[in-house]
Every structure is written in C-alpha cells, then in structure tokens.
Amino acid sequence: MSYFRLLITGCLSILTIVAAQAQGKLTGVVRDSATNEPLSFASVFLANTTLGVTTTEQGTFVFPKVPAGTYDVVGSYVGYRLAKQSITMGKEAQEVTLKLASTGNQLGEVVVKPAPNKPEEYQKFSKLFLGGSTFSAQCRISNPDDVQVLYDDSTKELTAYAKEFVQIDNEALGYRLKYYGLQFSFNDDDRSVFYYGQPVFEEMKPRDDRQRKLWAANRLSAYKGSFMHFLRSVYNDRLKAEGFYAQQIRVFDNPRYLRAEEQRKALTASKPNGPYTAAEQDSLDQWDALAPVLATLNQEPVPIDSIRRVGPGGKRTFLRFNGELQVAYFGEAPDPLYKRPMSPLGYPKTPFPVGPRQVSRLKLQGREAQIQANGTPLNPLDIFNGEYWGFEKIGEFLPVDYVPGSLPPAASSARQ
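What you see is a predicted model, and the numbers here were worked out from it, not measured in a lab. (Residues numbered from 1 in each chain as written. Predicted model: local features only at pLDDT ≥ 70, side-chain atom pairs only at ≥ 80, totals over all residues. Heavy atoms only, no water.)

Engineer: Looking at this model, I keep getting lost on the nonpolar core. Mind explaining?
Structural biologist: Grouped burial of nonpolar side chains is what soluble globular proteins tend to show. Membership of the largest hydrophobic core comes to 53 residues, with the highest contact counts inside it found for Leu26, Phe125, Phe129, Val166, Ile168, Tyr179 and Phe184. With six residues, strand E13 (residues 175-187) is the single largest residue contributor to this core. Sequence-distant contacts of tyrosine 179, that is, excluding residues within four places in its chain, are made with Phe129, Phe165, Val166, Ile168, Tyr195, Tyr196, Gly197, Gln198, Pro199, Ile394 and Phe397. Of all hydrophobic cores here, the second largest spans 21 residues; its members include Phe230, Leu239, Leu319 and Leu362. (Core = buried A, V, L, I, M, F, W, Y, C linked by side-chain atoms within 4.5 Å. Buried < 20%, exposed > 50% of the residue type's maximum accessible area, 1.4 Å probe, protein only. Helix = DSSP H or I, 4+ residues; strand = E, 2+ residues; numbered from the N terminus. Contact = heavy atoms within 4.5 Å.)

Engineer: Any chance you could explain the packing of helix H5 (residues 255-270) against helix H6 (residues 278-288) here in plain terms?
Structural biologist: The axes of two packed helices give the description: the angle between them and the distance between them. Relative orientation of the contacting elements H5 and H6 amounts to 140°, with a least axis distance of 10 Å. For the crossing formed where H5 meets H6, the hand is left-handed. The residues of H6 that touch H5, namely those facing Ala260, Gln263, Arg264 and Leu267, are Glu280, Leu284, Trp287 and Asp288. Classifying every residue of the contact of H5 with H6 gives four nonpolar, one polar and three charged. (Axes fitted to C-alpha atoms, helices over the stretch in contact; angles between N-to-C directions. Left-handed = near helix turned anticlockwise from the far one by under 90°. Nonpolar A, V, L, I, M, F, W, Y, C, P; charged D, E, K, R; others polar.)

Engineer: Can you help me understand the sheet that holds strand E3 (residues 43-46) in this one?
Structural biologist: Sheet strands line up and pair through hydrogen bonds in the backbone, either parallel or antiparallel. One open sheet accounts for four strands, arranged E4-E3-E6-E7; its pairing is antiparallel. What marks the edges here is a single partner per strand, and that holds for strand E4 (52-54) and strand E7 (83-89). Within this sheet the neighbouring strands show an average axis-to-axis angle of 20°, counted without direction. For E3 and E4, the ladder comprises three bridges, and the chain directions are antiparallel. (Pairing = 2+ DSSP bridges.)

Engineer: Please explain helix H4 (residues 227-235) as it appears in this structure.
Structural biologist: What sets the pattern is the α-helix's 3.6 residues per turn: residues three or four places apart point alike. Within H4, eight of the nine residues are buried, leaving the element largely enclosed by the surrounding structure. Taken together, the buried positions of H4 are occupied by Phe227, Met228, His229, Phe230, Leu231, Arg232, Ser233 and Val234. The first or second residue beyond H4 is aspartate 237, which carries a positive phi of 55°.

Engineer: It is not clear to me how the packing of aromatic side chains should be interpreted in this structure. Could you clarify?
Structural biologist: Between two aromatic rings, the relevant description is the distance of the centres plus the angle of the planes. One pass over the full model with this rule turns up 24 aromatic pairs. Centre to centre, the rings of phenylalanine 61 and phenylalanine 63 are 6.0 Å apart; their planes meet at 70°, and the pair counts as edge-to-face. On the basis of relative accessibility, which here comes to 2%, the residue phenylalanine 61 falls in the buried class. With 5.3 Å between their ring centres and 85° between their planes, phenylalanine 129 and tyrosine 195 make a pair best called edge-to-face. Here phenylalanine 129, found in helix H2 (residues 119-130), pairs with tyrosine 195, found in strand E14 (residues 193-203); they are 66 residues apart in sequence, far enough to count as distant. Of the two residues examined, phenylalanine 129 and tyrosine 195, each falls in the buried class. Grouped by ring-pair contacts, the aromatic residues Tyr122, Phe125, Phe129, Tyr179, Phe184 and Tyr195 constitute a single cluster. Seen from the ring of tyrosine 175, arginine 219 lies directly overhead, with NZ or CZ sitting 3.8 Å from the centre. The side chain of lysine 363 reaches across the aromatic face of phenylalanine 384, ending 6.0 Å from its centre. (Phe/Tyr/Trp six-rings, centres within 6.5 Å; stacked < 30°, edge-to-face > 60°. Lys NZ or Arg CZ within 6 Å of the ring centre and 35° of its normal.)

Engineer: Quick question: what am I supposed to make of the pairing of strand E22 (residues 383-387) here?
Structural biologist: Side-chain positions along a regular strand alternate between the two faces of the sheet. The element E22 is extensively covered by neighbouring structure, given that five of its five residues are classed as buried. In this sheet, E22 lies alongside strand E20 (residues 358-364) in antiparallel orientation, the contact comprising five bridges. Bridge assignment links arginine 361 to a residue of E22, and that residue is glycine 386.

Engineer: How should I be thinking about unusual backbone geometry in this particular structure?
Structural biologist: Leaving glycine out, the prevailing phi sign among residues is negative, and the prevailing peptide bond configuration is trans. The linkage connecting glycine 274 with the following residue, proline 275, adopts the cis geometry, with an omega of -5°. Topologically, proline 275 is positioned in the loop between H5 and H6. Of note in the backbone geometry, asparagine 48 takes a positive phi value of approximately 70° without being a glycine. Note on placement: asparagine 48 falls in the loop between E3 and E4. Judged by relative accessible area, asparagine 48 falls into the partly exposed class, the value being 26%. Of note in the backbone geometry, aspartate 237 takes a positive phi value of approximately 55° without being a glycine. Assignment of secondary structure puts aspartate 237 in the loop between H4 and strand E15 (244-253).

Engineer: How should I be thinking about the confidence of the model for the protein in this particular structure?
Structural biologist: Any region with low pLDDT has predicted coordinates that should not be read closely. On average, residues of the protein score 88 in pLDDT, and 91% of them are at 70 or above. A low-confidence stretch, residues 1-20 (pLDDT under 50), is modelled with 58 contacts involving residues beyond four sequence positions or located in other chains. (pLDDT = per-residue confidence, 0-100.)

Following this line, the structure appears as structure tokens:
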C-alpha cells in the first residue's frame, strides 16, 4: 500500500491540556545576510501555526505568547530566500536572528522563464495536493501561475514547487494557507505522495456569524479522528477515552513471491526478446499478481505501553512499535467521498465500539519517533501514514495551535 510522508467531551479535555501548556515570549530580528542591515516589514511566522507577524522598521519582531513545543521560525521577504531556525519554547523567553540571502540577479544574468504547466499535469498535482474529500472540494489554489509542475518520463515522477509560496483558500475551514518552500512529488510506480514545506495559516473573514459557527463545526470534524488527534491522545494516554482502537500488524516477505521472482528472472534471461508460449505468458501473469509482502493482524488492542515510551522525567514522549499499526477511530463516520472499504478489525476478545469507523495505518521510519503535546512528530519524516489518513490532505489540514471546540475570530477581528 502507499503511504504519506500528514466525544466532544473527550475533545474538550484535550482542549484544557493544550491551552494550559507553558507559554514563552519570542523576540528577534530579520537581517540581510550580506550587509547585516535589518529588513523592515518582513514576514515572520511559526510554521504550521496561525502565529505570524511583520517586522518593524528596525527589522524586529515579537511573539508575546508561544505555546510550549518545537517550531520552525521562518522569515520571508520579497527578493530573498526563506530563512528558518528551529526553536524549542518553554516558559523562558527566547531571541532569534534570521538572516535572509538575496536572490537578486547579477548584472547581465539571463532570466529564463519556466514553460507553462501542462493542464493535465497541473490538475493531477492539484488533486493529489488538495485531496479528494468534501472539504478538499472547497479548497482553491489562488496563485496557480506561481506553481511549477513537471513530469519526468524516465523516473515516472511528478514534481511541483513554487518560487515564493502556494496560497490555498479553504472555504470549508475558514483558513488561508500560505505554503512556503513547497517540495511535492508523486511516483507513478508505487503511487506514493510526498510533500513538505513551511506553511502558515491565516484566519479568513466570515460573512456572518452563521459561517463562523459552520467553520468551527467543520474544524472540529476535521480534527476528530485525525492524525493530530491520535498523536495528542497517545501523548496524554487517552487512546480509548478519545475513541481510538490500535492493533498491531506484522508484515513479512511473501515466500511465493520470492520464488516467483527467481523463476521470472530465469525465464526472461532465457528469452530476453521473447516470444513466450501461452503457458509461459500465463505464468508471468500469475507471478505479477503476487504481493511481495504479506501481513497478519493481531486482533486485540495494543496496550499504550507497547506504542508509547516516556523518557526520564517525563520530558520526552515517543511513538514506538514494530511492524505497522492499524488505527481505528469510532467517533465519526468517514467522508462520503471515501470509496474504499474500511480494513477489517477481526473478532477480538475485547469488543470494540459499534458504529461507523475510520481506519488508518502507520509505520515508522526507524525504531521510534518523538511526538509533542500539540499532536505533531518532532521530525515529520519519521512517520508514514496511509489508508484514511492518507486520504485526508489539505482539505482537513489544521494548524498545530488549533484548540478543539474553539470559535474562529469574529468578522471584525479576522485577518483580511
């Protein structure tokens, strides 16, 4: 399968935990890396949050209250490359300096304008990036001319990037998302999708109080059962209370596939240019249908101590498990546009809740991955997810400072 390289009472308990985190003050200055001069009115934001400011005439900036956690502080200025610095916030105040390098053309340099995107390649990128859910259908990339999409016939890979950022207006959730430094790729062979960057969220202006409440309800719906919700539940030892049911999957090589590969190589080596007899072609077709790996499901729920490790003093928390993890969420029905049947849970001795469910799958890049209280992995590349979580993309994308049940700002206070 392919992976992505991303009860109201129960949610409110998480709300209290997240809101009560320690907060610290973050200050800094943005400078030109060559001249060391301050850059006035540069944009500075904490990636994956709604926290963004503009520098003063002296190039300085202040974030009065930043919730505890690790963030990328990103600086952006027209004509300059992005600059970012990773920080870990607690109660103590911190100060950073961001130095941006100019992208200005040298005298006499020829600027080559990229070729226009092929419509079918851009549409494929847009569908894969935004997703195919009900909320994704209400998302729009408002600066398509700033996105460059390329397809490599030799590698079968579709890639996309933007010189500055990709701007997405999410009319379902009420967020304007600016996705800086986008790195996107899709491989035709294994159907895997990867995207990475430094996004910042801006609150959109609701038309009226009715739309404001609709956005709040949609945000809560996007949150419930999400990967963020799951990681927060693991961090706080609330898997069962929050409606999650995790099961262990053991993945192993398929011995029939390994034997078939040996036979295939022998046959194709003996007849490199064909032709094959009807019997030989039938064998090749059967070998192609074999799965390279097999999997078995442990039907009983995985104890929290088998998927979570808390470091000494409780200062660090890790997600850890062998093989793969199947995670079912029973708090919400799947999106009506999700057409695949949900993976079975088997018949465990411990009964699971009755009703509709969302089933996802996880695997780790290494032995374990550090996770934070806000529901994010410290390194996003440490965890791969698939099935239902792979279906949820930009349409359900929430900032890490999202608090379940909270209302968006009123029309008078939202950013334009």
